[in-house]
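# Chains, contacts and geometry: an overview
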Amino acid sequence: MTIQLYEGRPAGRHAAVPPGSLLRRVYAPRAFDALAFSMSTYAMPLLVLATTESASLTGLAFALEWIPRVAAFGLAGDLVDRRGAAIVFFLASSARAVLVAGGSVALTMLEQGSAQTLVVMALAAATGTLTQFSFIANEAVGAIVSRRADTQAHKVQAVLIGIDQTATLTGPALGGVLLLAGPTHMLAVLSVLSCLAAALALQTPPTPLRGSQPGTTQRGAGLKTGWRTLRSLPALGWLVGGLTVSNLALGLLQSASPIIVVERFGLSPAAVGTLWSAAAASTLLTVTVCRFALNRLGLWGVGVVCSTVASAACLALAHAPTYTAYVVLMALFMAGDGGLTVVLRTLRSLLIPAAVFGSTLSLTILLLLLPFPLAGIVVALTSPWALDYVIAVCAALQAVALGLAFLRLRTDPVLRTPGKPAQVTA
């Protein structure tokens, strides 16, 4: 079956979201959830390190945080397609608020030791899982809005990524500062952010449900639907493949950076927050530049430039002699990764059919995040002095994978000419 895709055309019977309501119905809910996501991702390993004072348990906690996230994607995408993004977003944010509040109370009542260690490890796993449900729901909403943006899908995605990166700029620094006052302070703020996200969740724009459009059925739900769709979109498949290998380097840096900064450079957890905030600031600047660069260079040109920057910075990170050099190189790495994220999200919003977006998105993110628990396990099994060698190997793999992916995509019409209709087979 051949599908004609036009960037910005409304899907089905749903009308476009009025521009004046984007802030209230799309961007504000996304902002609160993104900040909660950022604190869950970057501050939870710091919480484990501050509570247990163990580098191995920090790496293990990172793996435990991501393994349930990976396992939840099939169910999350299927629920979004069957029930709609708004209800999934609301339930996930509400459950996270209750869980984190309960964990904060438990840490207050328990004495430092194995009991507290079990609580923080369980919190890392549970918040990671619930965060992915709300993330999938938010991505589905963002894709629907992008389709109705009248040939400006990449600009809508740039705004959404800008929100995410602003949250990443704020979340790690906020989490690091709050941890200095005590773990319960950080968890209390995370619970409040989750409550605010849940309060705004039900007003997000509706997403098409599986079976609600002509030619769609309930057969083949979940990851099977996503796999069939991804196989029909070779451009998206090649990009996801390259970024999957690239994310092994990203996951390794996320997992190892608290250990490198605290143990090697002898700094406080707040310095880890500063590191990621500086990286997010550079990514935010890159996303802003991408809004204009995509009009001139196309998705392929921006992808090649960003993949080159990310790979070179990762190779250099393995030999960073000081904390300042580490911050600068991490900022360059995350800037390149941010540009690649713009390319990926724009391509997803253009190519994936709306009625199976949740399932296909879940599969693509599942593939992209499989390296993260692996990275946590690698850090848990690696001595701190050997982390540089592991980072160098992952950087080399990243460069090869991204190079092969963009070499294969150099003639793809969608990546070369964004904003124009493209024929894809599904």
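Given the structure is predicted, the values throughout are model-derived calculations rather than measurements. (Residues numbered from 1 in each chain as written. Predicted model: local features only at pLDDT ≥ 70, side-chain atom pairs only at ≥ 80, totals over all residues. Heavy atoms only, no water.)

## Some words on the nonpolar core
- In terms of nonpolar packing, the biggest core is built from 119 residues, with Leu236, Tyr326, Met330 and Phe333 touching the most fellow members.
- Among the elements that line this core, the one with the most residues is helix H9 (residues 269-317), at 17 residues.
- The contact partners of methionine 330, leaving out residues within four places of it in the chain, are Leu253, Ser257, Leu275, Trp276, Ala279 and Leu317. (Core = buried A, V, L, I, M, F, W, Y, C linked by side-chain atoms within 4.5 Å. Buried < 20%, exposed > 50% of the residue type's maximum accessible area, 1.4 Å probe, protein only. Helix = DSSP H or I, 4+ residues; strand = E, 2+ residues; numbered from the N terminus. Contact = heavy atoms within 4.5 Å.)

## Details of the side chain of serine 194
- You can see serine 194 is positioned in helix H6 (residues 183-201).
- Not counting chain neighbours up to four residues away, the residues in contact with serine 194 comprise Ala36, Ser93, Arg96 and Ala97.

## Concerning the packing of helix H8 (residues 234-264) against helix H13 (residues 387-408)
- At a closest axis distance of 8 Å, the pairing of H8 and H13 adopts a crossing angle of 160°. Accordingly, the angle class assigned to the pair H8 and H13 is roughly antiparallel. Crossing handedness for the pair H8 and H13: left-handed.
- For the contact of H8 with H13, the residue count by class is 21 nonpolar, three polar and three charged. (Axes fitted to C-alpha atoms, helices over the stretch in contact; angles between N-to-C directions. Parallel < 35°, antiparallel > 145°, perpendicular 65-115°, else oblique. Left-handed = near helix turned anticlockwise from the far one by under 90°. Nonpolar A, V, L, I, M, F, W, Y, C, P; charged D, E, K, R; others polar.)

## Re the packing of helix H7 (residues 223-231) against helix H11 (residues 357-369)
- Between H7 and H11, whose axes approach to 7 Å, the crossing angle comes to 80°. The angle between the axes of H7 and H11 places the two elements in the roughly perpendicular class. Taking contact as the criterion, the partners of Leu223, Thr225, Gly226, Trp227, Thr229 and Leu230 in H7 are, on H11, Ser359, Thr360, Ser362, Leu363, Thr364, Leu366 and Leu367.
- Broken down by class, the residue content of the contact of H7 with H11 amounts to six nonpolar, seven polar and no charged.

## A closer look at the pattern of salt bridges
- Taken as a whole, this structure holds seven salt bridges when the rule is applied.
- Here arginine 345 makes a salt bridge to aspartate 164, at a shortest N to O gap of 2.8 Å. Of this pair, arginine 345 sits in helix H10 (residues 323-351) while aspartate 164 sits in helix H5 (residues 153-181), and the two are 181 residues apart along the sequence. Take arginine 345 and aspartate 164: they sit in the same class, and that class is buried.
- Through salt bridges with shared partners, a single ionic network connects Arg30, Glu139, Asp164, Arg345 and Arg348. (Salt bridge = Lys/Arg side-chain N within 4 Å of Asp/Glu carboxyl O.)

## Some thoughts on the confidence of the model for the chain
- In this model, the chain carries a mean pLDDT of 79, and residues with pLDDT of at least 70 account for 85%.
- Here strand S1 (residues 2-5) stands out as the least confident element of the chain, with mean pLDDT 31; H13 is the most confident, with 91.
- Overall, residues 1-15 carries pLDDT values under 50, and its contacts beyond four positions in sequence, including any with other chains, amount to 47 contacts.
- Every residue in residues 418-426 is under pLDDT 50, and counting partners more than four places away or in other chains gives 28 contacts. (pLDDT = per-residue confidence, 0-100.)

## Structural notes on the packing of aromatic side chains
- Scanning the entire structure with this criterion turns up three aromatic pairs.
- An aromatic cluster is present here, built from Phe265, Tyr323 and Tyr326 joined pairwise through their rings. (Phe/Tyr/Trp six-rings, centres within 6.5 Å; stacked < 30°, edge-to-face > 60°.)

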